[in-house]
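Here is how the chains run, residue by residue.
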Amino acid sequence: MVTAETARSIVGITGNVISFGLFLSPLPTVYKICEKKAVEGFSPIPYLATLLNCMMWVLYGIPLVHPHSLLVVTINGTGLLLQTIYLTIFILYSTPPLRRTVLKFVTAEILFMMAVVIGVLMGAKTHEKRSLIVGVMSVVFGTCMYASPLAAMRLVIRTRSVEYMPFSISMASFLNSICWTLYAVIRFDIFITIPNGLGTLLSLAQLVLYATYYYSSTPPKDEPKLDLQLPTATVAPRNDNAIPFISTR
């Protein structure tokens, strides 16, 4: 008979695999940017949001904040590296005004994270307090990242076209969020449950919208392109018995 802890580990590993796939989801968009040597109407917001989200969860997973969280550091560290590459390419092919704006946001995020790291490590003396502070902040940023496709959903309704809301990304987001919601339910973790529960609902709404407008889609007319890459619904499993040799999540 499979124990709850074994089931949780299986779900967690599956979630890591799906999360890694979501981190790679912007590749087609990045390829188009490199090919055309211009960002056109694509937005840097998803990359900026994911960059901050990954930095926050990496902080959450380090031993000084939440011990035995190797899965947290590895998957979010991978995401952090990929988002850095994506943003570098985006900045390289942006117009000067947009480039300055993106650089300002990146600088602000780095300064913010430095302040959080110093404040948490010096102000909170126990792992429990540090985990609570960073965990709550991570839930907030993770929820915001899950909500990022709302503008795209409005565009789909207005144009009656699903061109800017790829089915594969919506489905992957749904599978990722529901996987981590199940992970949290097996051994309840509020930090995982809140953002992934909301992510499940929002991703399901995208799939319903896609099904509604797929056959009745009309070509969009001069609508700005939106970068709908939802890179990851990355959440940090609070696994005090994390398997040390696993290199995902």
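None of these values were measured; they are calculated from a predicted model.

A short note on the environment of Gly142
- You can see Gly142 is positioned in helix α6 (residues 127-147).
- With 90 residues separating them along the chain, Gly142 and Leu52 place their C-alpha atoms 9.3 Å apart.
- Contact partners of Gly142, with chain neighbours within four places excluded, come to Asn53 and Pro195.

Regarding the environment of Leu182
- Summarising the element assignment, Leu182 is placed in helix α8 (residues 167-186).
- Residue classification places Leu182 among the partly exposed residues on the basis of a relative accessible area of 48%.

Points about the packing of helix α1 (residues 4-23) against helix α4 (residues 70-92)
- With their axes 10 Å apart at the nearest point, α1 and α4 run at an angle of 10° to one another. Between α1 and α4, the crossing angle belongs to the class labelled roughly parallel. Facing Asn16, Ser19, Phe20 and Phe23 of α1, the residues of α4 in contact are Leu71, Ile75, Thr78, Gly79, Leu82, Gln83 and Tyr86.
- Of the residues assigned to the contact of α1 with α4, the class counts are six nonpolar, five polar and no charged.

Some thoughts on helix α2 (residues 27-36)
- For α2, the complete set of buried residues consists of Thr29, Val30 and Ile33. Projected onto a plane normal to the axis of α2, the buried residues spread over an arc of 100° and lie on a single side. Pointing more than 90 degrees away from the buried face of α2 are the exposed residues Tyr31 and Glu35.
- Those residues of α2 that are buried lie in contact with α3 (45-61) and α4.
- Lys37 sits one or two residues past α2 and shows a positive phi near 55°.

Comments concerning the confidence of the model for the chain
- On average, residues of the chain score 79 in pLDDT, and 83% of them are at 70 or above.
- With pLDDT under 50 throughout, residues 220-249 is counted as low confidence; its partners more than four residues away or in other chains account for 124 contacts.

What about the UniProt feature "transmembrane region" (unreviewed entry) in the chain?
- UniProt records the feature "transmembrane region" (unreviewed entry) at residues 6-24, 45-65, 71-93, 105-124, 130-152, 164-186 and 198-216, using the numbering of this structure.
- Along residues 71-93 one finds 96% helix and 0% strand; the C-alpha atoms at either end are 34 Å apart.

Quick notes on unusual backbone geometry
- Backbone geometry at Lys37 places phi at a positive 55°, although glycine is not the residue there.
- With respect to the secondary-structure elements, Lys37 resides in the loop between α2 and α3.
- Among the residues examined, Lys37 registers a relative accessible area of 56% and is labelled exposed.

Some words on the packing of α1 against α8
- The interhelical angle for the contact between α1 and α8, taken along N-to-C directions, is 155°, at an axis separation of 9 Å. In terms of orientation, α1 and α8 fall into the roughly antiparallel class. Handedness of the crossing formed by α1 with α8: left-handed. On the side of α1, the interface is formed by Ala4, Ala7, Arg8, Val11, Gly12, Thr14, Gly15, Asn16, Ile18, Ser19 and Leu22, while α8 contributes Ile169, Ala172, Ser173, Leu175, Asn176, Cys179, Trp180, Leu182, Tyr183 and Ile186.

Focus: the nonpolar core
- Judged by nonpolar contacts, the single largest core of 32 residues is most densely connected at Leu87, Phe90, Val102 and Val134.
- Elements that contribute at least two residues to this core include exactly α2, α3, α4, α5 (96-123) and α6.
- Ranked by the residues each element gives to this core, the list is headed by α3, at ten residues.
- Each residue touching Val134, except ones within four places of it in the same chain, is listed here: Met56, Leu59, Tyr60, Val65 and Val120.

Parameters at a glance
The residue count restarts for each chain, going from 1 along the sequence in the order it is written. pLDDT decides what is reported in this predicted model: residues at 70 or higher carry local features, side-chain atom pairs at 80 or more are listed and counted, and totals for whole chains, interfaces and linings draw on all residues regardless. Side-chain measures here rest on the full set of heavy atoms in the structure, leaving out hydrogens and waters. Per the convention used, a helix needs a DSSP run of H or I reaching at least four residues, while a strand needs a run of E reaching at least two, with both numbered from the N terminus. Note on contacts: a residue pair qualifies if any of its non-hydrogen atoms lie within 4.5 Å across the two residues. Note on classification: 1.4 Å probe, protein chains only; a residue is buried when its accessible area is under 20% of the maximum for its type, exposed when over 50%, partly exposed between these limits. Lines fitted to C-alpha atoms define the axes, with helix axes restricted to the stretch in contact, and inter-axis angles between N-to-C directions lie between 0 and 180 degrees. The cut-offs work like this: below 35 degrees is roughly parallel, past 145 is roughly antiparallel, 65 to 115 is roughly perpendicular, and the gaps in between are oblique. Each residue gets one label: Ala, Val, Leu, Ile, Met, Phe, Trp, Tyr, Cys and Pro are nonpolar, Asp, Glu, Lys and Arg are charged, and the others, such as Gly, are polar. To be clear, the arc concerns the directions from the helix axis to the C-beta atoms. Summary of the metric used: pLDDT quantifies the predictor's per-residue confidence within the range 0 to 100. UniProt positions are given in the numbering used here, feature names are shortened, and annotations may be inferred rather than shown by experiment. For any helix crossing, the convention is left-handed if the near helix is rotated counterclockwise from the far helix by under a right angle, and right-handed if that rotation is clockwise. In this description, a nonpolar core means a group of buried Ala, Val, Leu, Ile, Met, Phe, Trp, Tyr and Cys residues linked to one another through side-chain atoms lying within 4.5 Å.

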